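# Summary of structural features
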Amino acid sequence: MWYVILGKDAPDSLEKRLAARPAHLQRLQALSEEGRLLLAGPLPAVDAEDPGPAGYLGSVVVAEFDSLEAARAWAEEDPYLREGVFRSLEVHPFRRVLP
């Protein structure tokens, strides 16, 4: 089943985000190579492709896992959570309709 993972950034966490980004992307790449990643990306704090110093509000991942517990376990190991980028993390079942 698909699950949406929503991480919300802590205030002033842009430097931490940039430092943890390579490890974060490596985990997403592994999901993609397994064919389990539908989409992933950050939520810019301003209406711009590159928000610059405004940073990000969080990140969204939609990926396939065997269970809600497996999705939560994967999310809880994210470098952004471990390094203090995320102040909160939500994991919810996601029903893909389109495309």
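Residues numbered from 1 in each chain as written. Predicted model: local features only at pLDDT ≥ 70, side-chain atom pairs only at ≥ 80, totals over all residues. Heavy atoms only, no water.

### Focus on the pattern of salt bridges
In the structure shown here, the tally under the stated rule is 4 salt bridges. Here D78 makes a salt bridge to R27, at a shortest N to O gap of 3.7 Å. Taken as a pair, D78 in the loop between α2 (68–76) and α3 (79–82) and R27 in helix α1 (residues 14–33) lie far apart in primary sequence, 51 residues in all. Like D78, the residue R27 is buried in the burial classification. A salt bridge links E34 to R36; the nearest nitrogen and oxygen atoms lie 2.5 Å apart. (Salt bridge = Lys/Arg side-chain N within 4 Å of Asp/Glu carboxyl O. Helix = DSSP H or I, 4+ residues; strand = E, 2+ residues; numbered from the N terminus. Buried < 20%, exposed > 50% of the residue type's maximum accessible area, 1.4 Å probe, protein only.)

### Quick word on the packing of aromatic side chains
The description of an aromatic ring pair rests on the distance of the ring centres and on the angle between the ring planes. Within the structure shown, the criterion is met by 3 aromatic pairs. Taken together, a centroid distance of 5.7 Å and an interplanar angle of 50° make the contact between F65 and W74 tilted. For the pair F65 and W74, one class covers both residues: buried. The structure contains a cluster of three or more aromatic residues connected by ring pairs, namely Y3, F65 and W74. A cation sits over an aromatic face here: R27 above W74, 4.1 Å from the ring centre. (Phe/Tyr/Trp six-rings, centres within 6.5 Å; stacked < 30°, edge-to-face > 60°. Lys NZ or Arg CZ within 6 Å of the ring centre and 35° of its normal.)

### A closer look at the nonpolar core
Y3, I5, L28, L31, V61, A63, F65, A71, W74, A75 and V91 together form the largest nonpolar core, which totals 11 residues. At the level of elements, β1 (2–9), α1, β3 (56–64) and α2 are the ones that each hand at least two residues to this core. Looking at which element gives the most residues to this core, the answer is α2, with 3 residues. With sequence-adjacent residues up to four places away left out, L31 is seen in contact with R36, L37, A63, F65 and W74. (Core = buried A, V, L, I, M, F, W, Y, C linked by side-chain atoms within 4.5 Å. Contact = heavy atoms within 4.5 Å.)

### Observations regarding the sheet that holds strand β2 (residues 37–44)
An order of β2-β3-β1-β4 is seen for the 4 strands of this open sheet, with the pairing classed as antiparallel. Unpaired on one side and paired on the other, β2 and β4 (86–94) mark the two borders of the sheet. When the angles between neighbouring strand axes are averaged without regard to direction, this sheet yields 10°. Pairing between β1 and β4: 8 bridges, direction antiparallel. (Pairing = 2+ DSSP bridges. Axes fitted to C-alpha atoms, helices over the stretch in contact; angles between N-to-C directions.)

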